[in-house]
Amino acid sequence: MLVTEWPKSMEAWTRTKRSLAGGVSTGLRAQARPHPIFFSGGAGARLTDLDGNTYLDYVLGWGPNIIGHGHPQLVAAVQGQIEHGATYGSGHEFEYLAAEAVLDAYPAFDRLVWSNSGSEAAQVALRIARGATGRQHFVKFSGHYHGWTDPVLVGYRGGRAGSSSAAESLGQSENASRDAVVLEWGNLDDLRATLTGRDIAAVVLEPVLCNSGVIEPPDGYLEGVREICTETGTVLIFDEVITGFRLAFGGAVEKYGVVPDLAVLGKAIAGGLPLSAVVGKSELLDLTQAGVVHAGTYNGNPVVLAGALATLDVLKREGTYERLDALGRRLASGLGDQLTRHGVVGAVNQVGPVVQCALGVPAVRTFTEFMGADTKAYDLLLVELLRRGVFALPGGRWYLSTEHTEHDIDTTIRIFGEVVSVSSPGVGEGS
Ligand SMILES: Cc1ncc(COP(=O)(O)O)c(C=O)c1O
């Protein structure tokens, strides 16, 4: 059935806007077309909205719900803890049980700290790097995202429209954002020249550029970055907020076999509950007990850590990552086939259960190519998918969970083909 309007979502959104700024809990969600959808619940790979429509969910809460909605093991773990209190402000068993489970996935490391969001953890990682090196600046790369805090929200989408600064937000500290040296990803000569003899504490990067096109690192690049950081005494930080527990149990570190000094984890780590971590060697992490301030009322929350332990237990089952990768490949090749069949110019990238679909460009191998995609056409396509029961992210990324089935993927590919074939002529033909 083709949904034409969402009256209860519309009503809820109108009401929400009266009390909640913009009617959404994070700015980007206001851009959802035709308007934000309000959900009443989810089960497995499906979501149900206030109007009673059910969707196959490829948003997965923007990534965290890697074991789907309402997974019985996660529910039992959260219920089991919440009955005994929400937080203690002191030690409890889940602190070490969950920490040991994370370190099992990252055997090169022996310590971690808990935070609540990826943005916080990225901030802690940078602070540790500065504390360890006594240096101030850091290198990040165009199109890579490390959260919304002042120092890192630069060089993500090319700065705020109409402003000459690299800062992306109104009100952002110019001083803080000047600490970042923004480079093009993939160029080792540039990186070497920048790090040699300069005051650079850290290099931070997404090991797969998931936020801007799901682009894998060029062959040998991560190894090269590792080498240059070691030579120059620079702390290498992998931001694994998306890739951690998603590309492999041990994230990109396991997949590519390159060990950074610190890895930032978030999203999938707790199946939808707010948790992040910085993992690394004790020499660095123990600086948080020797002058580097790492604080937070909710750090190490027992309900959340019980949920993390349950999530990691589900994820580490035999065959999980082979299956997630197979689902990702199936979706990517299906979407690609439909574009070809209907003569629509577009590109599909995939790494494990993360897929990127871009219209109007024949390939997305670089941030520049990603920025050339036809986002207006893609937004129209998203609405058509939504009307047919497929909920996907703006910008072209798709996430898969352990709860999606091959049948779900095939249904989605069929619907995608239908949408592409009925879309107005010109969709995805570039602008
Ligand atoms: C790679 C990466 N790092 C950091 C963050 C920030 O995480 P959070 O939104 O939990 O603050 C994100 C969020 O999408 C991310 O994708």
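Above this text is the structure in question.
Residues numbered from 1 in each chain as written. Predicted model: local features only at pLDDT ≥ 70, side-chain atom pairs only at ≥ 80, totals over all residues. Heavy atoms only, no water.

## Re helix α10 (residues 302-315)
Here comes step 1: For α10, with 14 residues, the first-to-last C-alpha span of 20 Å sits near the 20 Å given by 1.5 Å per residue.
Here comes step 2: For α10, the tally of buried residues reaches 12 of 14 residues, placing the bulk of the element in the interior.
Here comes step 3: Along α10, the positions that sit buried rather than exposed are Pro-302, Val-303, Val-304, Leu-305, Ala-306, Gly-307, Ala-308, Ala-310, Thr-311, Leu-312, Val-314 and Leu-315.
Here comes step 4: Where α10 is buried, its residues touch α2 (72-82), α3 (93-105), β4 (111-115) and α11 (320-341).
Here comes step 5: At the N-terminal boundary of α10, the capping side chain belongs to Asn-301, with an oxygen 2.9 Å from the backbone nitrogen of Val-303. (Helix = DSSP H or I, 4+ residues; strand = E, 2+ residues; numbered from the N terminus. Expected span 1.5 Å × (residues − 1). Buried < 20%, exposed > 50% of the residue type's maximum accessible area, 1.4 Å probe, protein only. Contact = heavy atoms within 4.5 Å. Polar contact = N/O pair within 3.5 Å; in protein donor to acceptor, adjacent residues only side chain to side chain.)

## Some points on the environment of Phe-367
Here comes step 1: Along the chain, the position of Phe-367 falls in helix α12 (residues 367-371).
Here comes step 2: Classification of Phe-367 as buried rests on a relative accessible area of 15%.
Here comes step 3: When the C-alpha atoms of Phe-367 and His-144 are compared, they prove to be 9.0 Å apart, with 223 residues separating the residues in sequence.
Here comes step 4: Those residues in contact with Phe-367 that sit more than four places away from it in its chain are Ser-142, Gly-143, Tyr-156, Arg-157, Ser-212 and Ile-215.

## Notes on the site of the ligand
Here comes step 1: Taken together, Ser-117, Gly-118, Ser-119, Tyr-145, His-146, Gly-147, Glu-206, Asn-211, Asp-239, Val-241, Ile-242 and Lys-267 are the residues near the ligand.
Here comes step 2: Between the ligand and Gly-118, the relevant distance is 2.8 Å, taken from an oxygen atom to a main-chain nitrogen or oxygen of the residue.
Here comes step 3: Within the side chain of Lys-267, an N or O atom sits 2.9 Å from an oxygen atom of the ligand.
Here comes step 4: Summarising the interface, the protein chains cover 82% of the accessible area of the ligand, which totals 390 Å² for the free molecule.
Here comes step 5: When the residues that make up the shell around the ligand are grouped by side-chain class, the tally is three nonpolar, six polar and three charged. (Near = heavy atom within 4 Å. Areas by Shrake-Rupley, 256 points an atom, 1.4 Å probe, with all protein chains shown as cover. Nonpolar A, V, L, I, M, F, W, Y, C, P; charged D, E, K, R; others polar.)

## Observations regarding the sheet that holds strand β8 (residues 235-240)
Strand pairing in a sheet is mediated by backbone hydrogen bonds. Such pairs are either parallel or antiparallel.
Here comes step 1: Across the sheet, which stays open at both edges, the seven strands sit in the order β4-β10-β9-β8-β7-β5-β6 with mixed pairing between neighbours. The two strands at the open ends of the sheet, each matched to only one other strand, are β4 and β6 (180-183). When strand polarity is set aside, the average angle formed by the axes of neighbouring strands in this sheet is 20°.
Here comes step 2: The sheet contact formed by strand β7 (residues 200-205) and β8 spans four bridges and is parallel. Paired with Val-203 across the bridge in β8 is Leu-236.
Here comes step 3: Packed onto the sheet, α3 meets β4, β9 (262-265) and β10 (276-280) and runs at close to 120° relative to β4. (Pairing = 2+ DSSP bridges. Axes fitted to C-alpha atoms, helices over the stretch in contact; angles between N-to-C directions.)

## Observations regarding the pattern of salt bridges
Here comes step 1: Considering all chains together, one arrives at 14 salt bridges under this definition.
Here comes step 2: The shortest N-O distance in the salt bridge between Arg-130 and Asp-179 comes to 3.3 Å. With Arg-130 in helix α4 (residues 118-133) and Asp-179 in the loop between α5 (174-177) and β6, this pair connects stretches of sequence that are 49 residues apart.
Here comes step 3: Assessed through its relative accessible area of 17%, Arg-130 is described here as buried.
Here comes step 4: Note on Asp-179: relative accessible area 14%, which makes it buried.
Here comes step 5: Ionic pairing is found between Arg-365 and Glu-369, a salt bridge with its closest N-O pair at 2.5 Å. (Salt bridge = Lys/Arg side-chain N within 4 Å of Asp/Glu carboxyl O.)

## Topic: the sheet that holds strand β14 (residues 397-399)
Here comes step 1: With antiparallel pairing, the three strands of this open sheet are ordered in space as β11-β12-β14. Of all the strands in the sheet, just β11 (346-351) and β14 have a single pairing partner and so form its edges. In this sheet, neighbouring strand axes are inclined to one another by 20° on average, regardless of whether the strands run parallel or antiparallel.
Here comes step 2: Where strand β12 (residues 354-359) and β14 come together, three bridges link them in antiparallel fashion. If you follow Val-354 over to β14, its bridge partner there is Tyr-399.
Here comes step 3: Relative to the sheet, helix α13 (residues 375-387) contacts β12 and β14, its axis offset from that of β12 by approximately 120°.

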